[in-house]
Amino acid sequence: MTEFGVGLPRYGRRPPVRLLPPLGGRGRRWRALRNLFLVRCVLALPEDPVEAFAALLEPVRKVWRLLVRLWAGPGMRGGWQSDAGRLLLAVHGAYWSRDALRTDEPSCYVGVAGGTVTVRATWLPEAEAVARAHAGVRVTPWPRALRRRVDIAFPDGSWLTVRAAGAGAAGRLRARLVAGVAVAGAGARAVREGGDRSRI
C-alpha cells in the first residue's frame, strides 16, 4: 500500500455535529465551546494578545473560505452517506473524538492499493484506516484544476477532493489511482454523467 500525506480542502464544508461520534463527557463539549472565536478572544486577551487578535479574525477567514469555495467549487459531491462522504466523516470523526474540533483543513493519509483507497488521520495506525473502492480520478474542470488538487472518484458517482503536499505528490497519487482501475475512462465518465448531485 502506497500512502500519501494530504489535506482536505479548506473550502470544503465540515460535517454537522450530529454525524460525528458522541463525546464522552461535558469537559470535551466545553473545550469545543472554548473554540468559539469570541470566547477564545476573551480567554487569550490577558496572556496572548496576538492569539486574541487571531481569534477575532476567524469570521474573516470563514468569509474568505466561502469566496474560495465559490471559485474552486465544492470539496465533495455525493452527500454524507456516499463513499466519499463516509471517508470524509472518518477523518473529521477522528479529529472530533480526539480534540472535539471540526477542523477546516484536517491532514490525513490517503493510501492506494489496487482498486481500493484508504483514509486515516495522521496519528491513527494503518489498521484503523477506512477503505472504499474507487473509480480512478475525476477530471477536474478548468480553471479549478490546480496542480496540488486531486479529485478521487468512487463507483457510486461521488467524489472527494484532497490537496497533496506538492505537484509531484499529486501526480504520483493520480497515477496510482488510474493504475488501480481497470477501466478508468468509463469510471470517470460515469462519475461526470451520473451519481448524486448534492454538493458539500
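Preceding this paragraph is the structure being described.
Residue numbers here run from 1 along each chain, matching the order of that chain's written sequence. Confidence filtering applies because this is a predicted model: local features only for residues at pLDDT of at least 70, side-chain atom pairs given and counted only at 80 or more, and all residues used for totals across whole chains, interfaces and linings. Hydrogen atoms and water are omitted, and side-chain values are computed over all heavy atoms in the structure.

## A look at the overall build of the chain
Regarding its fold elements, the chain presents seven helices and seven strands. In the chain, the succession of α and β elements from N to C terminus is β-α-α-α-α-β-α-β-β-β-β-β-α-α. Under the scheme applied here, a residue whose accessible area is under 20% of the maximum for its type counts as buried, over 50% as exposed, and between as partly exposed, the area being computed with a 1.4 Å probe on protein chains only. Going through the 200 residues of the chain one by one, you find that 41% of them count as buried. Look at the contacts in the chain between residues 6 or more apart in sequence, and 63% of them connect residues 24 or more apart. As presented, the chain carries roughly 10,600 Å² of accessible surface, and 59% of it is formed by carbon and sulfur atoms. Only DSSP runs of H or I with at least four residues qualify as helices, and only runs of E with at least two residues qualify as strands; both kinds are numbered from the N terminus onward. Should any heavy atoms of two residues lie within 4.5 Å, those residues are counted as being in contact. Surface exposure here means Shrake-Rupley accessible area, sampled with a 1.4 Å probe, where a residue is shielded only by the protein chains that are shown.

## Some words on the layout of surface pockets
Site definitions follow a grid-based scheme: protein atoms alone, a 1 Å grid, a 1.4 Å probe that fits but cannot get out for cavities, and for pockets an open set with protein on both sides within 12 Å along at least five of seven lines, plus lining residues having an atom within 4 Å of a point. Grid points are joined across faces, edges and corners, and a volume is the space filled by probe spheres set on the points. There is about 160 Å³ of room inside the second largest pocket. Every residue along the wall of the second largest pocket is listed here: Pro9, Arg10, Tyr11, Val68, Leu146, Arg148, Arg149, Thr161, Val162 and Arg163. A per-element tally of the lining of the second largest pocket places strand 7 (residues 159–164) first, with three residues. The classification used treats Ala, Val, Leu, Ile, Met, Phe, Trp, Tyr, Cys and Pro as nonpolar, Asp, Glu, Lys and Arg as charged, and all other residues, Gly among them, as polar. Class assignment for the residues of the lining of the second largest pocket results in five nonpolar, one polar and four charged.

## Structural notes on the pattern of salt bridges
Pairs can form between side chains of opposite charge once their charged atoms are near each other. For salt bridges, the criterion is a side-chain nitrogen of Lys or Arg within 4 Å of an Asp or Glu carboxyl oxygen. This structure, assessed with the given rule, holds six salt bridges. Taking the shortest distance from any N to any O, the salt bridge between Arg132 and Asp83 comes out at 3.6 Å. Of this pair, Arg132 sits in strand 5 (residues 130–133) while Asp83 sits in helix 5 (residues 83–99), and the two are 49 residues apart along the sequence. On the basis of relative accessible area, Arg132 is assigned to the partly exposed category, the value being 24%. In this structure, the salt-bridge partner of Arg138 is Asp151, at a minimum N-O distance of 2.7 Å. You can see Arg138 sitting in the loop between strand 5 and strand 6 (149–153) and its partner Asp151 sitting in strand 6, a full 13 residues away along the chain. With respect to class, Arg138 is no different from Asp151; both count as buried.

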